[in-house]
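# Coordinate inspection notes
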Amino acid sequence: MALSAQQIPRWFNSVKLSSFITATQLGKQFQRRGKTLSHGFSAQPQMSSDNCFLPWGFKTYRTSSLWNSSQSTNSSRQEISSAQSALLPSVNEQTQKTQKIPSFDSELSLEALDDLPPLSPLQPVSEEEAIQIIADPPLPPDTFTLRDYVDHSETLQKLVLLGVDLSKIEKHPDAANLLLRLDFEKDIKQILVFLKDLGIEDNQLGTYLTKNYAIFSEDLENLKTRVAYLQSKNFSKAHIAQMVRNAPFLLSFSVERLDNRLGFFQKELELSVKKTRDLIVRLPRLLTGSLEPVKENMKVYRLELGFKHNEIQHMITQVPKMLTANKRKLTEIFDYVHNVMSIPHHLIVRFPQVFNTRLFKIKERHLFLTYLGRAQYDPTKLNYISLDKLVSMPDEIFCEEIAKASVQDFEKFLKTL
């Protein structure tokens with residue numbers, strides 16, 4: 001019965017000092033007769049017949065053709081037998097209790113090699129073998145970019161294929177810890193299917209996930225619950241998809257927050273349910289952003305700019321961005337339109353889009369019309385020019401229909417400013 005790979009070293013370790021001398025003599029006899037060993041005798045068997053070497057990570061020695069001859073085989077068996085008989089009785093008894101030593105010319109099939117136990121990680125390795133070891137490059141211990149992890153992470157690779165911009169995500173300190181822990185099949189795939197069912201197109205997934213990669217940390221059932229809540233408020237599937245695209249963090253907020261936000265706008269602005277729903281569809285960021293700019297702008301319109309409540313209602317339903325616009329921009333535009341151009345409140349209310357226009361554009365066109373003597377904004381008089389026509393038309397149409405001049409004349413005038 002052959003010794004197992006684990007038992008062979010154990011057998012050799014049991015040999016006492018006196019038997020070590022006999023084993024050394026045995027090695028010399030092998031060298032003289034077969035000339036098969038070099039650099040001494042190895043502590044573990046490393047050869048079998050027909051030049052088959054056991055792949056256990058040790059040094060291998062190539063046998064000569066004499067070793068495989070039948071004559072050397074018989075001689076070797078006799079020498080091994082005589083060496084075993086010369087061992088101390090205690091050693092012979094111990095080896096009999098374990099197993100017999102396999103002869104070096106015993107045949108070991110390839111199937112048997114496959115059954116051998118794997119090499120222990122604690123097994124010493126020679127310098128020659130260490131040089132031949134090829135290891136995969138380690139993960140960078142400290143890095144400021146997710147790009148260094150793409151080659152090691154299947155999740156990151158597939159996110160890149162979806163169009164996710166990792167250079168933007170990595171700016172968030174918690175992004176790497178989240179994405180590198182996720183399994184694509186287990187954690188990400190179900191969220192992607194959910195978003196596609198919601199109405200997010202394939203070419204929109206990359207942009208959406210770049211902005212809201214944290215959706216992968218959300219529970220899928222919670223996401224479905226939030227969608228069901230919006231549907232209960234009569235938001236259509238198309239409207240919900242539009243809201244999610246325009247406000248990527250919408251589904252990351254709880255049902256309680258969404259309900260409180262809807263209630264706030266309906267109560268604060270005194271809007272009907274339908275107008276509140278239309279307002280949110282047009283600007284879904286009202287549900288996800290801070291309420292402080294909204295409250296501040298409402299005070300500005302009412303106290304500083306002097307608009308009535310019903311006028312404010314009309315303007316914000318026409319231009320919802322007026323609720324979140326920059327306060328300084330609002331006051332500067334109103335001051336120029338109302339105090340310089342002498343346009344009253346009720347005419348500004350008729351065209352609130354003026355607050356979405358850049359102030360320098362309003363100034364350039366007003367000054368050009370003043371230069372031509374055509375700056376007339378009173379609807380009760382001839383050649384009336386509305387705010388709509390003043391700021392919404394492109395330069396070519398503005399010059400041709402409103403100013404009655406050429407674009408070249410307008411450009412020359414601008415150079416004089």
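As annotated in an unreviewed UniProt entry, the chain carries the name Transcription termination factor 3, mitochondrial and is attributed to Lynx pardinus. As its UniProt record puts it under Sequence similarities (unreviewed entry), the chain is described as follows: "Belongs to the mTERF family." As recorded by UniProt, the Subcellular location (unreviewed entry) comment attached to the chain reads in full: "Mitochondrion".

A count of helical and extended segments in the chain gives 23 helices and two strands. Across the 417 residues that make up the chain, the buried fraction comes to 38%. Intrachain contacts of the chain at a sequence separation of at least 6 include 68% that bridge at least 24 residues. When the accessible surface of the chain is summed, it comes to about 25,400 Å², and 52% of that surface belongs to carbon and sulfur atoms.

Quick look at the nonpolar core now. In terms of nonpolar packing, the biggest core is built from 92 residues, with Phe355 and Phe398 touching the most fellow members. Considering each element in turn, this core owes the most residues, seven residues, to helix α10 (residues 184-198). What phenylalanine 355 contacts, discounting residues up to four positions off in sequence, is Phe307, Met315, Met322, Lys329, Leu330, Ile333, Phe334 and Ile348.

With that settled, the discussion passes to the pattern of salt bridges. All told, the structure shown has eight salt bridges when counted by the stated rule. As a salt-bridge pair, lysine 196 and aspartate 202 come within 2.9 Å of each other at their nearest N and O atoms. Notably, a salt bridge pairs aspartate 395 with arginine 365, separated by 2.8 Å at the nearest N-O pair. Pair noted here: aspartate 395 is in helix α22 (residues 395-403) and arginine 365 is in helix α20 (residues 359-372), with a separation of 30 residues, a long-range link. You can call arginine 365 buried: its relative accessible area is 1%. Each of Glu296, Glu304 and Lys327 takes part in a single network of salt bridges with overlapping partners.

On to the environment of aspartate 409, then. With respect to the helices and strands, aspartate 409 occurs in helix α23 (residues 407-415). Once the C-alpha coordinates of aspartate 409 and cysteine 399 are considered, the two residues, 10 residues apart in sequence, prove to be 8.7 Å apart.

Per-residue pLDDT for the chain averages 76, and the proportion of residues at 70 or more is 65%. Note that residues 1-18 has pLDDT below 50 and, in this model, 28 contacts with residues that lie over four places away or in other chains. Across residues 28-108, where pLDDT falls below 50, the model places 108 contacts with residues more than four positions away in sequence or in other chains.

Its 13 residues give helix α12 (residues 220-232) an end-to-end C-alpha distance of 19 Å, which sits within 8% of 18 Å, the value for a rise of 1.5 Å per residue. For α12, every residue scored as buried is listed here: Leu220, Leu223, Arg226, Val227, Tyr229 and Leu230. For α12, the secondary structure elements touched by its buried residues are α10, α13 (237-246) and α14 (255-268). The residue sitting at the N-terminus of α12 and contributing the capping side-chain oxygen is aspartate 219; that oxygen lies 3.0 Å from the backbone nitrogen of glutamate 221. Backbone geometry just downstream of α12 places asparagine 234 in the positive-phi region, at approximately 70 degrees.

With that settled, the discussion passes to unusual backbone geometry. The phi torsion at serine 342 lies on the positive side, around 60 degrees, for a residue other than glycine. With respect to the helices and strands, serine 342 occurs in the loop between α18 (327-340) and α19 (345-350). Unlike most non-glycine residues, asparagine 383 shows phi in positive territory, near 60 degrees. Mapped onto the elements, asparagine 383 comes out in the loop between α20 and α21 (387-392).

A cluster of basic side chains, namely Arg285, Lys321, Lys329 and Arg358, defines a positive patch on the protein surface. The residue lysine 321 is located in the loop between α17 (309-318) and α18 in this model. With a relative accessible area of 46%, lysine 321 lands in the partly exposed category.

Applying the stated criterion across every chain yields a total of seven aromatic pairs. Here a set of aromatic residues connected by ring pairs shows up, and it is made of Phe368, Tyr371, Phe398, Phe410 and Phe413. The ring centre of phenylalanine 398 lies 4.6 Å from the NZ or CZ of arginine 365, which sits over that ring.

We now examine the packing of α20 against α23. Relative orientation of the contacting elements α20 and α23 amounts to 105 degrees, with a least axis distance of 11 Å. With respect to their mutual orientation, α20 and α23 come out roughly perpendicular. Here Glu364, Arg365, Leu367, Phe368 and Tyr371 of α20 lie close against α23, whose contacting residues are Asp409, Phe410, Phe413 and Leu414. Considering only residue class, the contact of α20 with α23 consists of six nonpolar, no polar and three charged.

For α14, with 14 residues, the first-to-last C-alpha span of 20 Å sits near the 20 Å given by 1.5 Å per residue. Listing the buried residues of α14 in full gives Leu258, Arg261, Leu262, Phe264 and Phe265. Viewed along the axis of α14, the buried residues span an arc of 155 degrees, placing them on a single side of the element. Away from the buried face of α14 by more than 90 degrees, exposed residues Glu256, Asn260 and Lys267 are located. Two residues or fewer after α14 comes glutamate 270, characterised by a positive phi angle close to 55 degrees.

About the thresholds
- Residue numbers restart at each chain and count upward from 1, following the sequence in its written direction.
- Two thresholds apply to this predicted model, a pLDDT of at least 70 for residue-level local features and 80 or more for giving and counting side-chain atom pairs, whereas whole-chain, interface and lining totals are computed over all residues.
- Hydrogen atoms and water are omitted, and side-chain values are computed over all heavy atoms in the structure.
- UniProt positions are given in the numbering used here, feature names are shortened, and annotations may be inferred rather than shown by experiment.
- Only runs of H or I of at least four residues qualify as helices and only runs of E of at least two qualify as strands under DSSP, and these elements are numbered from the N terminus.
- Think of it in three bands: residues with accessible area under 20% of the maximum for their type are buried, residues over 50% are exposed, and the middle band is partly exposed, with areas taken using a 1.4 Å probe on protein chains only.
- Between two residues, a contact is recorded if the distance between any of their heavy atoms is within 4.5 Å.
- Only the protein chains shown count as cover for residues, and the accessible areas themselves come from Shrake-Rupley with a 1.4 Å probe.
- The criterion is simple. A nonpolar core is a set of buried Ala, Val, Leu, Ile, Met, Phe, Trp, Tyr and Cys residues joined through side-chain atoms within 4.5 Å.
- For salt bridges, the criterion is a side-chain nitrogen of Lys or Arg within 4 Å of an Asp or Glu carboxyl oxygen.
- Confidence of the prediction at every residue is given by pLDDT, a number between 0 and 100.
- Helix span, expected: 1.5 Å multiplied by one less than the number of residues in the helix.
- In protein, a polar contact means a hydrogen-donor-capable atom and an acceptor-capable atom, both N or O and within 3.5 Å, with residues adjacent in sequence counting only if both atoms are side-chain atoms; elsewhere, any N or O pair within 3.5 Å suffices.
- Nonpolar side chains (Val, Leu, Ile, Met, Phe, Trp, Tyr) within 5 Å and like charges within 9 Å form the patches, drawn only from residues with over 30% relative accessible area and no salt bridge.
- Positive: Lys, Arg. Negative: Asp, Glu. His and the chain ends are not part of the count.
- Each charge is placed at NZ for Lys, CZ for Arg, CG for Asp and CD for Glu.
- A pair of aromatic rings is counted whenever rings of Phe, Tyr or Trp (Trp by its six-membered ring) have centres within 6.5 Å, and the orientation is called stacked for planes under 30 degrees apart, edge-to-face for over 60 and tilted otherwise.
- The rule for a charge over a ring is simple: NZ of Lys or CZ of Arg within 6 Å of the ring centre, and within 35 degrees of the ring normal.
- Axis lines are fitted through C-alpha atoms, for helices just across the contact stretch, and the angle between N-to-C directions can take any value from 0 to 180 degrees.
- Any angle that falls under 35 degrees is termed roughly parallel, while one over 145 is termed roughly antiparallel, one within 65 to 115 roughly perpendicular, and all others oblique.
- In this classification, Asp, Glu, Lys and Arg are treated as charged, Ala, Val, Leu, Ile, Met, Phe, Trp, Tyr, Cys and Pro as nonpolar, and every other residue, Gly included, as polar.
- Each C-beta atom gives one direction from the helix axis, and the arc is the one those directions make.

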